[in-house]
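# Residue-level structural notes
Now for the letters of each chain:
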Amino acid sequence: MQAVLYARMQTPAPSLDFWWVKPDKVDSSKLERATLNRHNKGEHKNDPGRSRALYAQFADLFALGGGDRAGGGKLRFEIASCGPSPGVPRALIVDVATGSRYFIHLIWQEDWTSNPFARSKYIKGKIVYQREPGATTFFARPYAYRDGVLSVPPQVELEESVTAAMPSDAIQARCLDDS
């Protein structure tokens, strides 16, 4: 399995970028360390290529100054500085009504629009998060991202405990219906 890594780039105008991180070719239980850096060509090519448009939707949510524009006014998206100065940047979703904070650990994508000509586009899955940065416990809740609006239902009964930093296949259950 491979995953998309999102990173805040330390450029004159800080930005978010993303690329694929891949398993080691010899031992797939280990990460290919060369893919921790972005490569546009060569043996460890891992730029997002044609899938950029799909994954850019999440990067756009947390772009500096992203605010609440894509949460239907119910969610606020931030990059929070966590820990001692200067702090480590962490993606954070805040439920505006409840004040609940979700420090993003990973975003599981279970299903998405595969037809590039579809009038309406969606992604659904689960967000795995910590309630506080540095916490040792993880939680997950379903999300749906439809036509530029991310929905993360606040109902307590939808939150589930995740026992490890890398969730089991159970993460696939109880994703939101995309309708």
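So, a few notes on the structure that sits alongside this text. Model, not experiment: these values are computed from the prediction.

Along its length, the chain carries one helix and nine strands. When the helices and strands of the chain are placed in sequence order, the string is β-β-α-β-β-β-β-β-β-β. By the compact-globule yardstick of 16 Å for 179 residues, the chain fits well, its C-alpha radius of gyration being 16 Å. Considering only C-alpha atoms, the chain reaches an extent of 45 × 45 × 35 Å along its principal axes.

This part is about the pairing of strand 4 (residues 88-95). If a strand is regular, its side chains alternate between the two faces of the sheet. Looking at chain direction, strand 3 (residues 75-82) and strand 4 are connected through eight bridges and run antiparallel. Note that in strand 4 the partner of Phe77 across the bridge is Ile93. As consecutive antiparallel partners, strand 3 and strand 4 are separated by five residues, and within that stretch Gly83 has a phi angle of approximately 95°, a positive value. By the bridge criterion, three bridges tie strand 4 to strand 5 (residues 101-112) in an arrangement that is antiparallel. Looking at strand 5, one finds that Leu92 is bridged to Phe103.

Counting across every chain of the model gives seven aromatic pairs. Between Trp20 and Tyr55 the ring centres are 5.4 Å apart and the planes differ by 80°, which places this aromatic pair in the edge-to-face class. Remark: Tyr55 occurs in helix 1 (residues 52-61) and Trp20 occurs in strand 2 (residues 15-21); sequence separation between them is 35 residues. We note that Trp20, like Tyr55, is buried. Taking the centre distance of 5.7 Å and the plane angle of 90° together, the rings of Phe58 and Tyr143 count as edge-to-face. Placement of the pair is Phe58 in helix 1 and Tyr143 in strand 7 (residues 138-146), with a sequence separation of 85 residues. The exposure class assigned to Tyr143 is buried, which follows from its relative accessible area of 0%. Following the ring pairs from residue to residue traces out a cluster consisting of Phe58, Tyr143 and Tyr145. Positioned over the ring face of Phe139 is Arg131, at 3.8 Å from the centre of the ring.

In this section: the pattern of salt bridges. A side chain of one charge can pair with a side chain of the opposite charge if their charged atoms are brought near each other. Taken as a whole and assessed by the stated rule, the structure comprises nine salt bridges. For Asp17, the salt bridge identified is with Arg38, shortest N-O distance 3.5 Å. Taken together, the residues Asp17 in strand 2 and Arg38 in the loop between strand 2 and helix 1 connect sequence positions 21 residues apart. Judged by its relative accessible area of 13%, Asp17 falls in the buried class. Residue Glu160 pairs with Lys126 through a salt bridge whose shortest N-O separation is 3.0 Å. Pair noted here: Glu160 is in strand 9 (residues 160-162) and Lys126 is in strand 6 (residues 122-130), with a separation of 34 residues, a long-range link. By relative accessible area, which is 0% here, Lys126 ends up buried. Each of Asp17, Arg38 and Arg52 takes part in salt bridges that share partners, so that together they form one network.

Counting 22 residues, the largest nonpolar core has Ile93, Tyr143 and Leu150 as the members making the most contacts within it. Mapped by element, the contributors of at least two residues to this core are strand 2, helix 1, strand 3, strand 5, strand 6 and strand 7. A total of six residues in this core trace back to one element, the largest contributor, which is helix 1. In this structure, Leu106, Val128, Phe138 and Ala140 belong to the second largest nonpolar core, which totals six residues.

Here is what the cut-offs are and how they apply
Residues numbered from 1 in each chain as written. Predicted model: local features only at pLDDT ≥ 70, side-chain atom pairs only at ≥ 80, totals over all residues. Heavy atoms only, no water. Helix = DSSP H or I, 4+ residues; strand = E, 2+ residues; numbered from the N terminus. Rg over C-alpha atoms; globule rule 2.2 N^0.38 Å. Pairing = 2+ DSSP bridges. Phe/Tyr/Trp six-rings, centres within 6.5 Å; stacked < 30°, edge-to-face > 60°. Buried < 20%, exposed > 50% of the residue type's maximum accessible area, 1.4 Å probe, protein only. Lys NZ or Arg CZ within 6 Å of the ring centre and 35° of its normal. Salt bridge = Lys/Arg side-chain N within 4 Å of Asp/Glu carboxyl O. Core = buried A, V, L, I, M, F, W, Y, C linked by side-chain atoms within 4.5 Å.

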